[in-house]
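Here's the letter readout for the chains.
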Amino acid sequence: MTQHYEPYSEVRDGMRIDWDVRLSMSDGVTLAADIFRPDDDQPHPVLLAASPYGKGLSFADGFPSQFSALVRDHPEVVATSTGAYQVWEYPDPERWVPEGYVCVRIDVRGTGGSEGTIDFFSPREAQDLYEAIEWAGVQDWSNGNVGMLGISYLATNQWLAAALSPPHLKAICPWEGASDYFREYTHHGGIPTEFMPSWAPNQVLRIQHGRADAPANPNTGRRVSGKPVRTEEELAAAAIRISDVLLERPVVDNYYQDRTAVLEKITVPVLSSSNWGGMGLHSRGNFEGFHRVSSEQKWLEVHGLEHWTEFYTDYGLDVQRRFFDHFLKGEANGWDAQPPVQLQVRTPDSFFLRHEREWPLARTEWTWLNLDLGTRALTEHAPAGWQQAEFAARSEGLLFTLPPDSREVEYTGPAAVKLFVSSTTEDADLFVTVHLFDPDGVEVLFPTAFEPHGPVGQGWLRLSHRELDPELSRPYRPWQRHTAASPLVPGEVYEADVEIWPFSIVVPAGYALGVSVRGQDYEHHLPGPHELTYGREVRGSGAYWHELPGDRDRAAYSGRTALHSNENQRPQLLLPRIPRA
């Protein structure tokens, strides 16, 4: 029989903590959980989350640079907490338990102290969450109301669990959580992203269940990977090779569909929190989730900065707590009068708070701008005649800019670009970037979810994945099917609609907005040294590179790409201009 650490309880820092509790799943696998609760023997609402990062791996030890920067720039996060129980992307129990909540942390199967095989966002993992929610809902320390709260992975699996409708789940707050496994986690516009193949060994496999060299929980001294020790062969057999999956499954099939929540099945109250700087993972899914869930009570919150920061600041904590106090405690705190949309509108150097009634904003002035292939300008008037401009597929491509405006202009919402493209090969990848330039022509960059110096917005499309779903597509949000690849005939011109993930920027007078169409990831060319993510320098596109070995190293992506324009084929950019109050 497999041996595990024995559960035990203690009281620390005013909390009763149950370490390494075993949860038995319906297939016989047991999961490990830590439970933090008020020391009063009374029932309380529960906040539950599950991740592959190790429930006992402290934030400070596991992610020291992020934790030190968070504490340095936002000391409020440890003003009422020792930080001793803080774990990456989970709510801090020292800031929730004193407010009358139980915090349940679970290692997803195959990670930390939980048995089984790693299979990210699988139907079995979603079923585990369903069963864990129902278990938590009937414990003596539970009042029967379970909510889910957490960042990124801990947010994405909220969509999956909520779509199964566990009876004790009463509200969810997916904070920067993707909701489409193919379009957000594994591919961008059909182009495989290196994120998961880079992320898995660096953040997940290091604490895989049974790994002997995993670090210890500083509070218990126990190895965060559990008590059993697996051989390297056993570890490899119990972990999915995600890079192989991406190469073997280039289009949407049952594998991706099974790991993508049917958002329309979600009916519980939802607070969906997105990040303007989340291009690549921490943005699109929350906008889609807010729009498509069937919940009668749903809210959207959007902020900026690093993807872990606002979750822990007083700003983020306040909005989370008011939401859960209302739905898990039944408090009449005015949350039901909260406007459906709360935006931290971005300016070049800050944000300002504004509430709205819907998304996209009803008062949006959808603005079509023409791409002049001759002058490289964005213009309101279509250029005359026929134009063509080409670039090497592996290059920074072409940049088009608006002339500076004499007054401030705001763009907040989703965007898209329509292009007419040919290639010298049977395929081509398009990387679209939205830029902001100051009056001296210097690009203004922003701290984003995973990138310290990012552009305003980004979008992608593999031209062989250009087929649209007419029912789901909107002018501002084209929706490719991605169910089959249609190779190009070299030299033939194809219509391409590229989704640009939602962004927000107030463009000051004298500044200029631009859009580039390139054949490779955006880089800012700032002098180094640059920060490292997963052992690689980040230079503008964070951890969301698109050079997966075996994919873009093929000859099809090293030809020449051309943009075309004539009276019947006008390349255009659609921007969400927000009128002045």
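For the structure given in this document, a descriptive report is provided here. (Residues numbered from 1 in each chain as written. Predicted model: local features only at pLDDT ≥ 70, side-chain atom pairs only at ≥ 80, totals over all residues. Heavy atoms only, no water.)

1. What to know about unusual backbone geometry
Alright, step 1. Put simply, W359 and P360 share a cis peptide bond, and its omega is -10 degrees.
Alright, step 2. Structurally, the position occupied by P360 is in the loop between β13 (351–356) and β14 (365–372).
Alright, step 3. Cis geometry is adopted by the peptide bond preceding P529, which originates at G528 and carries an omega value of 0 degrees.
Alright, step 4. Note on placement: P529 falls in the loop between β22 (512–518) and β23 (532–533). (Helix = DSSP H or I, 4+ residues; strand = E, 2+ residues; numbered from the N terminus.)

2. Focus on the pattern of salt bridges
Alright, step 1. The full count for this structure, using the stated rule, is 41 salt bridges.
Alright, step 2. In this structure, R109 and D128 form a salt bridge, with 2.7 Å as the shortest nitrogen-oxygen distance. Of this pair, R109 sits in the loop between β5 (102–107) and α4 (123–136) while D128 sits in helix α4, and the two are 19 residues apart along the sequence. Here R109 and D128 have matching classes, each one buried.
Alright, step 3. Put simply, E390 and R560 hold a salt bridge, and the shortest N to O gap is 2.7 Å. Of this pair, E390 sits in strand β16 (residues 387–392) while R560 is found in strand β25 (residues 560–565), placing the two residues 170 residues apart along the sequence.
Alright, step 4. We classify R560 as partly exposed; its relative accessible area is 37%. (Salt bridge = Lys/Arg side-chain N within 4 Å of Asp/Glu carboxyl O. Buried < 20%, exposed > 50% of the residue type's maximum accessible area, 1.4 Å probe, protein only.)

3. Remarks on helix α5 (residues 153–162)
Alright, step 1. Within α5, 10 of the 10 residues are buried, which leaves the element mostly enclosed by the surrounding structure.
Alright, step 2. For α5, the full list of buried residues reads Y153, L154, A155, T156, N157, Q158, W159, L160, A161 and A162.

4. Remarks on the side chain of R552
Alright, step 1. Along the chain, R552 turns up in the loop between β24 (536–537) and β25.
Alright, step 2. For R552, a relative accessible area of 0% gives the class buried.
Alright, step 3. A distance of 2.9 Å separates the side chain of R552 from the backbone oxygen of G519, its partner in a polar contact.
Alright, step 4. Within the local environment of R552, its side chain forms a polar contact with the backbone oxygen of H546, the two atoms lying 2.9 Å apart.
Alright, step 5. Apart from residues no more than four positions distant in its own chain, R552 is found in contact with I191, R394, D429, F431, R462, G519, Q520, H546, E547 and Y557. (Polar contact = N/O pair within 3.5 Å; in protein donor to acceptor, adjacent residues only side chain to side chain. Contact = heavy atoms within 4.5 Å.)

5. Side note on the pairing of β14
Alright, step 1. Where β14 and strand β26 (residues 572–578) come together, 6 bridges link them in antiparallel fashion. Across the sheet, T367 pairs through a bridge with L575, a residue of β26.
Alright, step 2. Where β14 meets strand β15 (residues 377–379), 3 bridges bridge the pair, whose relative direction is antiparallel. Pairing of N370 across the sheet is with T379, part of β15.
Alright, step 3. Following β14, the chain reverses through 4 residues before pairing antiparallel with β15; R376 in that reversal takes a positive phi of roughly 60 degrees. (Pairing = 2+ DSSP bridges.)

6. Considering the state of the cysteines
As used in these notes, a disulfide is a covalent bond between sulfur atoms, one from each of two cysteines.
Alright, step 1. This structure, assessed with the given rule, holds 0 disulfides.
Alright, step 2. Not part of a disulfide, C103 finds its nearest cysteine sulfur in C173, a span of 13 Å.
Alright, step 3. Assessed through its relative accessible area of 4%, C103 is described here as buried. (Disulfide = S-S within 2.5 Å.)

7. Digging into the environment of N333
Alright, step 1. Relative to the helices and strands, N333 is located in the loop between α13 (314–328) and β12 (341–346).
Alright, step 2. When its relative accessible area of 27% is taken as the criterion, N333 is described as partly exposed.
Alright, step 3. When the C-alpha positions of N333 and R322 are compared, they lie 7.0 Å apart, and in sequence the two are 11 residues distant.
Alright, step 4. Setting aside residues up to four positions removed in sequence, N333 forms contacts with R322, D325 and H326.
Alright, step 5. From its side chain, N333 meets the backbone nitrogen of W335 in a polar contact 3.0 Å long.

8. Comments concerning the sheet that holds strand β2 (residues 15–24)
Note: strands within a sheet are paired through backbone hydrogen bonds, in either parallel or antiparallel orientation.
Alright, step 1. Taking strand neighbours across the sheet as the criterion, the 11 strands line up as β1-β2-β3-β5-β4-β6-β7-β10-β11-β12-β13 in an open arrangement whose pairing is mixed. Strands with a single pairing partner mark the edges of an open sheet, and in this sheet they are β1 (8–12) and β13. The average undirected angle you get between the axes of adjacent strands in this sheet is 20 degrees.
Alright, step 2. Two elements, strand β7 (residues 169–175) and strand β10 (residues 270–275), share 2 bridges in a ladder whose sense is parallel. In the strand pairing of β10, W175 is matched with S273. (Axes fitted to C-alpha atoms, helices over the stretch in contact; angles between N-to-C directions.)

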